[in-house]
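# Tertiary structure, described
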Amino acid sequence: MDITDSAGRAAYISFIVSLYYCTDYELGYDPTVVWNPDKKYWVIKCPDSTAAKDGEMRVVNYYARPPIFEAERLFGQHTRGFSASLDPNLVDKPDTFIKDSWPHASADPQSTSRNELDILWDIEEQIGKDKMDILGVIRATNGGTVCFSKAGNLVNDNTSAMLDPVLGGFKIALSQTPAVSTIGNWASAEEHLTRNILLRVHRRLALQPLGRPLHTLESPYELIIVLADVMVAHSTILTTSGYLHRDISPNNIMVVDDGERVRGLLIDFDYAVKTSEARIALAERTGTLPFMSICNLQNSKVQRSELDDWESLLYVVCWLGVHGVSQDEQVAYQQEIDAARKVDKYYSPPLIEWESGSFNNVARAKKNDLEDDEGFNDCVLQYFQDGAAYDELKDMARSLRFALFANPELGHFKRFSVKKVNPFEKRLEPKARKYINVDLLALMSECKEAAIAALHEMSTSDF
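A few points on the structure. Everything numeric in this text was worked out from a predicted model, so none of it was measured. (Residues numbered from 1 in each chain as written. Predicted model: local features only at pLDDT ≥ 70, side-chain atom pairs only at ≥ 80, totals over all residues. Heavy atoms only, no water.)

## Describing the overall build of the protein chain
Each helix and strand in the protein chain was counted, giving 15 helices and 13 strands. Here the protein chain, with 463 residues, has 45% of them falling under the buried criterion. Relative to all contacts within the protein chain whose residues are 6 or more apart in sequence, the contacts with residues 24 or more apart total 65%. As presented, the protein chain carries roughly 24,300 Å² of accessible surface, and 52% of it is formed by carbon and sulfur atoms. (Helix = DSSP H or I, 4+ residues; strand = E, 2+ residues; numbered from the N terminus. Buried < 20%, exposed > 50% of the residue type's maximum accessible area, 1.4 Å probe, protein only. Contact = heavy atoms within 4.5 Å. Areas by Shrake-Rupley, 256 points an atom, 1.4 Å probe, with all protein chains shown as cover.)

Put into structure tokens, the structure is as follows:
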């Protein structure tokens, strides 16, 4: 709208007045999450899964203190997380994680293939609840699409319900102002306004067990145990229910306490896809930038496989080896980086090229760092934190790199050579793929046993 003419000013005044008459929901408030000022907790209405399976619409109230993490940016999935309980008297002893997010969806609910709740239900049906708990796989106890009451009717909370009234009014204002002529005609103005608005649906899941972040671990030995557990769970899910996770990263690996030991917990199946689906063969970038596989970064046409997730695991090991496992170590490392940058503003810390720049630039950086043993040591391993436990983490990183990039099953050529043989395609051949997977699972089992033995020795030497 152009406020330099009367039509534009009228549209602007109409917009301001309309804000006064907006409901709380239209102003952005979520009516399904209510703060109790007396008890100082949130009351969160979560869709009842049992009712949803029966075709009914009911909610279950969860009680939580302020969110344990908020969305870092306005756009995207805008995920928030709460530690919650069904019992308000146990709000400070939560046993459930509430995941509140806005994933992409199709305008046709029947064609929305990526739905974390359905995926978790399917995995549980294939594996069984008890085995999921043993393996360390997150379960959905309740959840679904968030609904709210509007004019006496239940309405699915999505960007269309929120934006259509606003866009409708804005389109009317546009049609009444000469500024439309700067875009072209009315049809092109409408397309210009709406073509980049993606449909997102508000979903809320109640998940168990409640884990804690990786940075709460006390040593790399514990990290090795957790990572080994997670990759066993990953492999079991793939072979039993056919789902490939596609987003192995520190934020999607949690810790569960099991007596005196820790266990790994695999979470966040937003990007998971069934290997039987045609989309598995499509070039599609998924995951978290520093931990994405090279094929993934390059948007390669080579089909994604479990080996891409194993490659992501290698990057997790390297990242935490350099930055530190515990929160104290990570804070100390960042302080060292900040101090170095005060001395030299052009200082470039290790692995910086894994987290910034274009996808192709990050892929090139990883190729350079992983091409051979010498480069891997010079560019990555030498920057690991000090100590015997980190030496064990180094050894695991070396073995992972060898299995994925220098495995004899891939033939006798450099992993990233320009020869006609494509090593990414080569490792998808049934024989190579099976051999590498068996090799990787055996490696993680050996590393886990060694880590358990080291922790046991450390605990007995204290007495």
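Here the narrative resumes, following the displayed structure.
## A short note on the packing of helix α7 (residues 220-241) against helix α13 (residues 388-405)
Taken N-terminus to C-terminus, the directions of α7 and α13 make an angle of 35°; their axes are 8 Å apart at the nearest point. Contact with α7, carried on its side by Pro220, Tyr221, Leu223, Ile224 and Leu227, involves Ala388, Ala389, Tyr390, Glu392, Leu393 and Met396 of α13 and no other residues of that element. Class assignment of the residues belonging to the contact of α7 with α13 gives a composition of 10 nonpolar, no polar and 1 charged. (Axes fitted to C-alpha atoms, helices over the stretch in contact; angles between N-to-C directions. Nonpolar A, V, L, I, M, F, W, Y, C, P; charged D, E, K, R; others polar.)

## Section: a negative patch on the surface
A cluster of acidic residues, Glu371, Asp372, Glu374 and Asp378, forms a negative patch at the surface. Turning to its location among the elements, Glu374 is positioned in helix α12 (residues 373-379). (Patch = residues over 30% accessible without salt bridge, like charges linked within 9 Å, V, L, I, M, F, W, Y side chains within 5 Å. Salt bridge = Lys/Arg side-chain N within 4 Å of Asp/Glu carboxyl O. Lys, Arg positive; Asp, Glu negative; His and termini not counted. Charge placed at Lys NZ, Arg CZ, Asp CG, Glu CD.)

## With respect to the packing of α7 against helix α15 (residues 430-461)
Closest axis-to-axis distance for the α7/α15 pair is 8 Å, and the angle between their directions is 150°. Taken together, the axes of α7 and α15 lie roughly antiparallel to each other. In this structure, α7 meets α15 at a crossing whose hand is left-handed. Taking contact as the criterion, the partners of Tyr221, Glu222, Ile224, Ile225, Leu227, Ala228, Asp229, Met231, Val232 and Ser235 in α7 are, on α15, Leu441, Met444, Cys447, Lys448, Ala451, Ile452, Ala454, Leu455 and Met458. When the residues that make up the contact of α7 with α15 are grouped by side-chain class, the tally is 15 nonpolar, 1 polar and 3 charged. (Parallel < 35°, antiparallel > 145°, perpendicular 65-115°, else oblique. Left-handed = near helix turned anticlockwise from the far one by under 90°.)

## With respect to the sheet that holds strand β9 (residues 203-208)
What the 7 strands build is an open sheet, ordered β1-β2-β3-β4-β5-β9-β6; its pairing is antiparallel. Lying at the two open borders of the sheet, with one neighbouring strand each, are β1 (33-36) and β6 (139-145). For this sheet, the mean angle separating the axes of adjacent strands, direction not counted, is 35°. Of the strand pairs in this sheet, strand β2 (residues 41-47) and strand β3 (residues 59-64) are connected by 6 bridges, and their pairing is antiparallel. The residue bridging Pro47 from the neighbouring strand is Val59, located in β3. Helix-sheet contacts for helix α3 (residues 116-127) involve β5 (96-101), β6 and β9, and the interaxial angle to β6 is about 150°. (Pairing = 2+ DSSP bridges.)

## What to know about a nonpolar patch on the surface
Where nonpolar side chains cluster on the molecular surface, the patch consists of Ile3, Tyr12, Ile13, Phe15, Ile16, Val17, Leu19, Tyr20, Tyr21, Leu27 and Tyr29 and spans about 1,200 Å² of accessible area. Mapping Ile3 onto the fold places it in the segment before α1 (6-20).

## Here's the deal with the pattern of salt bridges
As a working rule, side chains carrying opposite charge can pair if their charged atoms are close by. Evaluated as defined, the whole model comprises 18 salt bridges. Across the pair Arg80 and Asp30 runs a salt bridge whose closest N-O atoms are separated by 4.0 Å. With Arg80 in strand β4 (residues 80-85) and Asp30 in the loop between α1 and β1, this residue pair connects regions lying 50 residues apart in the sequence. Arg80 sits in the buried class, given a relative accessible area of 19%. Residues Arg212 and Asp257 are paired through a salt bridge, measuring 2.7 Å at the closest nitrogen-oxygen approach. With Arg212 in the loop between β9 and α7 and Asp257 in strand β11 (residues 253-258), this pair connects stretches of sequence that are 45 residues apart. We classify Asp257 as partly exposed; its relative accessible area is 47%. One network of salt bridges, in which partners are shared, links Asp30, Arg80, Asp100 and Arg204.

## Notes on the pairing of β3
Where β3 meets β4, 2 bridges bridge the pair, whose relative direction is antiparallel. Among the inter-strand pairings, Ala64 is bridged to a residue of β4, identified as Ala84.

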